[in-house]
Amino acid sequence: MKYISTRANAPELNFEQAMLTGLARDGGLYVPESFPTFSSDEIADMAGQSYEEIAFRVMRPYIGDTFTDTEFKDIIARAYAGFGHAARAPLVQLAPNHFLLELFHGPTLAFKDFAMQLIGQLFQAALGRSGDRVTIVGATSGDTGSAAIEAFRGLDNVDVFILFPHGRVSDVQRRQMTTPADDNVHAIAVDGDFDDCQAAVKDMFNDFEFRDAVGLAGVNSINWARVLAQVVYYFSSAVSLGAPHRTIDFTVPTGNFGDIFAGYVAKRMGLPIGKLVVATNQNDILHRAISGKGYIKQGVTPSISPSMDIQVSSNFERALFDAYDRDGAAVTQLMDELKAEGGFTISQGALQRLQDVFTSGRCSEDETSRTITEQFAATGEVLCPHSAVGVKVAEEHQDAQVPMITLATAHPAKFPDAVEQAVHQRPALPERMKNLFDLPERVTRVENDLAAIQTLIKEGRRG
Ligand SMILES: *Cc1c(COP(=O)(O)O)cnc(C)c1O
């Protein structure tokens, strides 16, 4: 399997190279040159298999000869061994034909563990073999950073620097990043918002001298391997509700468009997904774009679902690439317009293609809070605010005849203040992380300045 850039001006890579590289050198994102497909029988045969077995079958066609089957099975087994639920991604029923896919049983209590734990094992295997060293730099609105630090802490060939917006992540999120004592992981609090952090990471990737000097590697959802890991739970959940013999709809709380793009990939691979519903909070650029109002940046307004407080949604570029018939020059032009003018309009043909696959909805702060209250009263399920955004938008798009799966992206205890306000009790952390608030924190605060951040990284690396 070859990987190509959405801007058509970077070398083609194999899986290992695409995984270690992250962002393409032309500023684009790597995508597979084509999507492998499963027959109906092959999908039916996944029913009843373990999460790990389904993961192997779904991802195998993308790996090429980077790993043997035995190596890859071992990598998958190690990635999910630390999860706090035997099913890894269990389904819970909320209402007739409405199901919640609980993706928060990993080590940092958010769905990002599914991809990050796998990537940690993939990097370890690949770098262990080559002896190369890399520096991972990532931007986080909270959950990516903690998942990355947890996945890479203590690894020999990897240094990790995570940029997060100072004061804009929850205490649990921050402590998950600042309490690991391993000297290869570094939490950096930037005086700015998430988009500033993400822009700094992109600028570092485009600074080739710096990029090559530190061996920069990216684990933000621009990394194809992360998207790939997330394709798996669309298959595992859909087959347990009767796919491929029934169509299944999905609603996905969305920020950077990575998780929902994984759903799109599953659909392209033959999984019978009906609707793919993009659920946004009040920072609704994606809802506006999919509704035909153009992709126009506005300021970010902090919300109670902070992991979705995003205006530049990196992975949307992958969807645009397909919507524009894989025309890299057209995508480059849109991204240049975004950078220069803060937005672009989507051509009629491309918009039609996007709307053939995606629908969207928006959930206000009040609605988010009310949904947490109502779901707790109706089912006893305590939702995190992100999952509540999903549930609310899913209810608006639910078709009585078609099972709807809403992705629950984080554990409620990761966002205890918003949850307590809605249900009048404080959600408890799982037993295995009870000591999080007793550990000392380690964090470096830095102004929103690229050179200052680069200096911190150069000086903080080992070896
Ligand atoms: C990252 C995150 C999201 C958004 O996922 P994307 O892949 O960026 O769209 C939603 N909810 C939670 C809890 C997250 O951590």
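Note: the structure precedes this text.
Since the structure is predicted, the reported quantities are computational estimates derived from the model, not experimental observations. (Residues numbered from 1 in each chain as written. Predicted model: local features only at pLDDT ≥ 70, side-chain atom pairs only at ≥ 80, totals over all residues. Heavy atoms only, no water.)

*Asks:* Mind showing me how you'd approach unusual backbone geometry here?
*Replies:* Only a minority of non-glycine residues have a phi that is not negative, and only a minority of peptide bonds are not trans. The omega torsion across Ala 243 and Pro 244 is 5°, close enough to zero to call that bond cis. Positive phi outside glycine occurs at Arg 88, with the angle close to 65°. By the element assignment, Arg 88 lies in the loop between helix H4 (69-80) and strand S3 (91-95). Phi at Asp 325 is positive, roughly 55°, even though this residue is not glycine. Along the chain, Asp 325 turns up in the loop between helix H13 (316-323) and helix H14 (328-341). Its relative accessible area of 56% is what places Asp 325 among the exposed residues. (Helix = DSSP H or I, 4+ residues; strand = E, 2+ residues; numbered from the N terminus. Buried < 20%, exposed > 50% of the residue type's maximum accessible area, 1.4 Å probe, protein only.)

*Asks:* Explain the pattern of salt bridges here, please?
*Replies:* When the charged atoms of two side chains with opposite charge come close together, those side chains can pair. One pass over the full model with this rule turns up 28 salt bridges. One salt bridge in this structure joins Glu 52 and Arg 88, with 2.8 Å as the shortest N-O distance. With Glu 52 in helix H3 (residues 51-63) and Arg 88 in the loop between H4 and S3, this pair connects stretches of sequence that are 36 residues apart. Each member of the pair Glu 52 and Arg 88 is classed as buried. For Arg 60, the salt bridge identified is with Asp 69, shortest N-O distance 2.3 Å. (Salt bridge = Lys/Arg side-chain N within 4 Å of Asp/Glu carboxyl O.)

*Asks:* So what exactly am I meant to see when it comes to the site of the ligand here?
*Replies:* Taken together, 15 residues surround the ligand, and among them Lys 112, Asp 143, Gly 255, Asn 256 and Thr 409 come closest. Separating an oxygen atom of the ligand from a side-chain N or O atom of Lys 112 is a distance of 2.5 Å. At a separation of 3.1 Å, an oxygen atom of the ligand approaches a polar backbone atom of Phe 257. Relative to its free-state accessible area of 380 Å², the ligand is covered by the protein chains to the extent of 98%. (Near = heavy atom within 4 Å. Polar contact = N/O pair within 3.5 Å; in protein donor to acceptor, adjacent residues only side chain to side chain. Areas by Shrake-Rupley, 256 points an atom, 1.4 Å probe, with all protein chains shown as cover.)

*Asks:* Can you help me understand the nonpolar core in this one?
*Replies:* Across soluble globular proteins, nonpolar side chains show a tendency to be buried alongside one another. Within the largest apolar cluster, 116 residues are counted, with the highest numbers of intra-cluster contacts made by Phe 123, Phe 152, Tyr 234, Phe 235 and Phe 358. At twelve residues, helix H10 (residues 224-240) tops the list of elements feeding residues into this core. When sequence neighbours within four positions are dropped, the list of residues in contact with Phe 358 reads Phe 257, Ile 260, Tyr 264, Leu 276, Val 278, Ile 290 and Ala 319. In terms of nonpolar packing, the next biggest core, distinct from the first, is built from 22 residues, Leu 163, Val 201, Ile 222 and Ile 457 among them. (Core = buried A, V, L, I, M, F, W, Y, C linked by side-chain atoms within 4.5 Å. Contact = heavy atoms within 4.5 Å.)

*Asks:* It is not clear to me how helix H18 (residues 416-423) should be interpreted in this structure. Could you clarify?
*Replies:* Each full turn of the α-helix corresponds to 3.6 residues, which orients residues three or four apart in the same direction. Restricting attention to buried positions, one finds in H18 the residues Pro 416, Ala 418, Val 419, Ala 422 and Val 423. On an axial view of H18, the arc spanned by its buried residues comes to 165°, and they lie on one face. Those residues of H18 that are exposed and aimed more than 90 degrees away from the buried face are Asp 417 and Gln 421. Where the residues of H18 are buried, they touch helix H7 (171-178), helix H16 (365-379) and helix H17 (385-397). Positive phi appears at His 424, one or two residues downstream of H18, with a value of about 60°. (Arc of directions from axis to C-beta.)

*Asks:* Just checking my understanding: could you explain the sheet that holds strand S5 (residues 134-139) for this structure?
*Replies:* In a beta sheet, neighbouring strands are held together by backbone hydrogen bonds and run either parallel or antiparallel to one another. Ordered in space as S8-S5-S6-S7-S15, the five strands form an open sheet in which the pairing is parallel. In the strand order of this sheet, the two ends are held by strand S8 (216-217) and strand S15 (444-446), each with one partner. In terms of strand pairing, strand S6 (residues 158-165) meets strand S7 (residues 185-190) through six bridges, oriented parallel. Looking across to S7, one finds that Val 160 is bridged to Val 185. (Pairing = 2+ DSSP bridges.)

*Asks:* Honestly, the layout of surface pockets in this entry has me stumped. Any pointers?
*Replies:* Any space left empty among the atoms is revealed by the rolling of a water-sized probe across them. What the largest pocket holds in volume is close to 570 Å³. Elements with a minimum of two residues in the lining of the largest pocket: helix H8 (194-206), H13 and H14. Ranked by residues supplied to the lining of the largest pocket, first place goes to H8 with six residues. Considering only residue class, the lining of the largest pocket consists of nine nonpolar, five polar and nine charged. Put simply, the second largest pocket is a space of about 470 Å³. For the second largest pocket, the lining is made up of 25 residues, of which Val 169, Ser 170, Asp 171, Pro 306 and Phe 415 are closest to its centre. Every element with two or more residues in the lining of the second largest pocket is listed here: H7 and H18. Of the residues in the lining of the second largest pocket, the class split is 16 nonpolar, three polar and six charged. (1 Å grid on protein atoms, 1.4 Å probe; cavity = no way out; pocket = protein on both sides within 12 Å on 5 of 7 lines; lining within 4 Å. Points joined across faces, edges and corners; volume = space filled by probe spheres on them. Nonpolar A, V, L, I, M, F, W, Y, C, P; charged D, E, K, R; others polar.)

*Asks:* I keep staring at the packing of H3 against H4 and nothing clicks. Help me out?
*Replies:* The relative placement of two packed helices comes down to the angle between their axes together with the axis-to-axis distance. Two elements in contact, H3 and H4, have axes whose closest approach is 10 Å; the angle formed by their N-to-C orientations is 130°. As judged from the angle between their axes, H3 and H4 are oblique. Where H3 crosses over H4, the handedness of that crossing is right-handed. Residue-level inspection shows Tyr 51, Glu 52, Glu 53, Ala 55, Phe 56, Met 59, Arg 60 and Ile 63 of H3 in contact with H4, the latter providing Asp 69, Phe 72, Lys 73, Ile 76, Ala 77 and Tyr 80. Partitioned by chemical class, the residues of the contact of H3 with H4 number nine nonpolar, no polar and five charged. (Axes fitted to C-alpha atoms, helices over the stretch in contact; angles between N-to-C directions. Parallel < 35°, antiparallel > 145°, perpendicular 65-115°, else oblique. Left-handed = near helix turned anticlockwise from the far one by under 90°.)

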